[in-house]
2 protein chains.
Amino acid sequence: MLNGKTVLIAGATGGIGAPICRVLHSRGANVVLFARRREKLDALHRELGDKGVLVVSGDACDPVAVRKALFETEKKFGRLDAVVIVVGTWGRLSTENSIEETAESIDHLYKTILLPTVVMGQGALKDMLNQPAGSVIFHISSHASIRPYLKGNLSYGAVKAAAEAFFERVRREIGDSHVKIVDIRPATVNTVELPGALSKSSKAEEMRKKGATQEKINEWIAEMCKLAVQPEEIAAWIAENVGNKKVPSSMLFDSELVLD
Amino acid sequence: MLNGKTVLIAGATGGIGAPICRVLHSRGANVVLFARRREKLDALHRELGDKGVLVVSGDACDPVAVRKALFETEKKFGRLDAVVIVVGTWGRLSTENSIEETAESIDHLYKTILLPTVVMGQGALKDMLNQPAGSVIFHISSHASIRPYLKGNLSYGAVKAAAEAFFERVRREIGDSHVKIVDIRPATVNTVELPGALSKSSKAEEMRKKGATQEKINEWIAEMCKLAVQPEEIAAWIAENVGNKKVPSSMLFDSELVLD
C-alpha cells in the first residue's frame, strides 16, 4: 500500500496517465494531477474525489508551471516520493513525407514530448535532490527509443531516444544519489485511442474489403487490444517501485500486438 | 581525386565545416557552400575562388531554403554525390542549472542542431533517392551521442542521440538502397574555438594561479590542440568515402584531449 506516499503525475489526463492516476490513488497514494487541459483534469478529479488528490493545471514545458506544481505538492502533502512523466503524444512519419511534413513532425514531437519531459524532469530532480528521502522519477518512454524497426517512427523514436539520452547523462552526473530515474519502455499500449488506430489499420481495411461486418471487425479490435500492454500493468509496476531505492534504470513492457 | 564529384556542405562556414570545404575543394570536388551568414560565406568563397564553388545562403531549418540549395546544386553541377551536415554548436548544461536554463539550453540545441539536421537530412535523402547514382549523407554527430560521461553534456548529448536515432530509423526504412547515411562521431575537435575553451579550463586557471606566464599557457594550449581531432582528418575521411557504397554507418574519431 502507498498510504502517505505522494506521486505527481505530469500528463495525468492522457491515455496512459489517467489509468496510472487511478491505480496509484486506489492503492492509497496522494496523487497530484498535473496537465494542461482544465476540463479533463476536472473530470478526473470528480472521478477520484477530493481525498488525497491535488489538481494543478499547467504546461510541463513551462518552468514556472512546473515549479508551481512542485510547490503546491509540498504545501498540501509535505513530501514528494515520485514523479511520473507521461506527457506527449504519438505520431508516425515516413521517409515518403515531404520536407515540410518532416520539419512539422519533429517540431511537434519536440514540443509535446522532449521539451516537457526535460523541463519536468529537471524540475523534479532539483526538488528531490534537496529532500532527504529516496525518490523516483518514472519516465514513460517507449520501446521505440531502442527499437528502430517500426516503420514510420522516425521523429517519435528520435525524441524518445533524446529524452532517454538526457536522463542517462543526468544519472551519470548525480551518481549514486537517492534520486533514481527509470525509463519505462512500453510497446503498443491499450489506451482509449488504440481501437481507433486499429480500425484504420491495413488489416481492418482488408477485412472490410473481404466483406467482414463491423461487428466482426470490432471483435478483432477487442482481441488485439487484449494483446497490447495494459496501462494498469505499467501503473502496478510503478506502484510497486515508488519507494524502491534499487529500482532498475529501465523497464521494457513487451506486447504481442505489433501495429503495421 | 574527387574531380567531377559534387558535395553540398550544410554549415559550411563553421569550425569543422570550413576545413571540410577546403579539403574537398582542394581534392577537386565541386563544393556547395550552404550556411546562414552571408559575410562568412563570402569570405570562404573569396578564399576558394569561383571554380567548382557554389554559394547558397539559407537556414537548414527551413525546408524551402534546403530545397533551393539542392535545386541550385543540380542546376549548376548536374549531380549530387554527397551532403555533409555539419550544422550546430556546442553547449554544456549541468544538473545544477535552473529549470529555466535547462529549458533554454535544450530549446537552443534543438533549433541549432536537431531540427536543421533532420530537415537537411530529409531534403538530401529525397533528392538522392531519385538519383540513380550512389550517394552518401555524412552527418557530423559527436562521440557525445554514445558517451554519457562528459559532465555537462546533458542537452548536447540528447540532441545528438536524437539525430542519430532519426537516421537509424531512416536507414531501416530505405533498406539496402544506394543512399548511405554515416554518423561521424568526433571527440573534441581542434576548431578555431578550441583555444578559447582551453584558456577558460580549470587547468589553465590553475596554471595562472601558480604564476605561469601567458606564453607558457599558450604553449600548453597549442600542445592540447594537437591532441584534439583535427578537422582535416575528418575531411580526409569524408573525401575518401564520397563514392563508397559500402561506407560504414558510423565512424568514431577519438582524441587524447578530454575537456574537463
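Residues numbered from 1 in each chain as written. Chains lettered and ligands numbered in written order. Predicted model: local features only at pLDDT ≥ 70, side-chain atom pairs only at ≥ 80, totals over all residues. Heavy atoms only, no water.

As a further point, take the domain arrangement of chain A. Residue and element names in this part refer to chain A. Domain boundaries in chain A define domain 1 (6-189 + 230-253) and domain 2 (191-228). Measuring from the centre of the C-alpha atoms in domain 1 to the corresponding centre in domain 2 gives 29 Å. Each side of the interface is counted separately: domain 1 has six residues, and domain 2 has six residues. Put simply, domain 1 and domain 2 have zero salt bridges between them. Between the two partners, domain 1 and domain 2, sit four residue pairs in polar contact (both at pLDDT 80 or more). Residue classes in the side of domain 1 that touches domain 2 are distributed as two nonpolar, three polar and one charged. (Domains from an automatic or database assignment. Contact = heavy atoms within 4.5 Å. Salt bridge = Lys/Arg side-chain N within 4 Å of Asp/Glu carboxyl O. Polar contact = N/O pair within 3.5 Å; in protein donor to acceptor, adjacent residues only side chain to side chain. Nonpolar A, V, L, I, M, F, W, Y, C, P; charged D, E, K, R; others polar.)

Let us look at the layout of surface pockets. Unfilled space is identified by rolling a water-sized probe across the atoms. Residues and elements named next belong to chain A. What the second largest pocket holds in volume is close to 1,100 Å³. Together, 44 residues line the second largest pocket, and Gly15, Val87, Gly88, Thr89 and Trp90 are the ones closest to its centre. Elements with a contribution of two residues or more to the lining of the second largest pocket: strand 2 (30-35), helix 4 (99-129), helix 5 (154-174) and helix 6 (194-199). With five residues, the single largest contributor to the lining of the second largest pocket is helix 4. Both domains that meet at the lining of the second largest pocket, namely domain 1 (6-189 + 230-253) and domain 2 (191-228), each give it at least three residues. (1 Å grid on protein atoms, 1.4 Å probe; cavity = no way out; pocket = protein on both sides within 12 Å on 5 of 7 lines; lining within 4 Å. Points joined across faces, edges and corners; volume = space filled by probe spheres on them. Helix = DSSP H or I, 4+ residues; strand = E, 2+ residues; numbered from the N terminus.)

Here we take up the pairing of strand 2 (residues 30-35) of chain B. All names here are of chain B. Of all six residues in strand 2, six are buried; the element is thus mostly enclosed. Residues of strand 2 alternate between two faces, with Asn30, Val32 and Phe34 on one and Val31, Leu33 and Ala35 on the opposite face, all of them buried. Across five bridges, the pairing between strand 1 (residues 6-10) and strand 2 is parallel. Across the sheet, the residue bridging to Leu8 is Val32, located in strand 2. With respect to chirality, the unit in which strand 1 leads through helix 1 (residues 17-26) into the neighbouring parallel strand 2 is right-handed. Judged from the five bridges that link them, strand 2 and strand 3 (residues 53-57) form a sheet pairing that is parallel. Bridge pairing in strand 3 places Val32 opposite Leu54. (Buried < 20%, exposed > 50% of the residue type's maximum accessible area, 1.4 Å probe, protein only. Pairing = 2+ DSSP bridges. Right-handed = clockwise from strand over helix to strand, strands pointing away.)

This part is about helix 3 (residues 63-77) of chain A. Taking 1.5 Å per residue as the helical rise, helix 3 of chain A with its 15 residues ought to reach 21 Å, and the 21 Å between its terminal C-alpha atoms agrees with that figure. If you check which residues of helix 3 of chain A are buried, you get Pro63, Ala65, Val66, Ala69, Leu70, Thr73 and Phe77 of chain A. On its buried face, helix 3 of chain A sits against strand 1 (6-10), strand 2, strand 3 (53-57) and helix 4 of chain A together with helix 4 (99-129) of chain B. Looking at where helix 3 of chain A begins, the residue whose side-chain oxygen comes 3.0 Å from the main-chain nitrogen of Val64 of chain A is Asp62 of chain A. After helix 3 of chain A finishes, the residue Gly78 of chain A shows a positive phi value of roughly 75°. (Expected span 1.5 Å × (residues − 1).)

What follows concerns the sheet that holds strand 6 (residues 179-186) of chain A. All names here are of chain A. Taken in spatial order, the seven strands of this open sheet run 3-2-1-4-5-6-7, and their pairing is parallel. Taken across any chain shown, the strands that pair with only one partner, and hence form the sheet edges, are strand 3 and strand 7 (250-253). Sheet twist, expressed as the average angle between the axes of neighbouring strands with direction ignored, equals 15°. Along the sheet face, helix 1 (residues 17-26) touches strand 1, strand 2, strand 3, strand 4 (82-85) and strand 5 (135-140) and points at about 170° away from the line of strand 1. Running over the sheet, helix 9 (residues 231-241) touches strand 4, strand 5, strand 6 and strand 7 and is turned about 165° from strand 5. (Axes fitted to C-alpha atoms, helices over the stretch in contact; angles between N-to-C directions.)

Quick look at the interface of chain A and chain B now. Counting residues at the interface gives 48 residues for chain A and 48 residues for chain B. With both sides pooled, the region where chain A packs onto chain B buries about 3,900 Å², and carbon together with sulfur makes up 67% of that total. When the buried surface of chain A facing chain B is broken down by residue, Ile99, Arg169 and Glu173 of chain A rank first, second and third, together holding 21% of it. Our enumeration of links across chain A and chain B arrives at two salt bridges. Two residues, Arg67 of chain B and Glu100 of chain A, come together in a salt bridge whose shortest N-O distance is 2.8 Å. On the surface where chain A and chain B come into contact, there are 25 residue pairs in polar contact (both at pLDDT 80 or more). Those elements that provide at least two residues to the side of chain A that touches chain B are helix 3, helix 4 and helix 5 of chain A. (Buried area = accessible area lost by both parts, 1.4 Å probe.)

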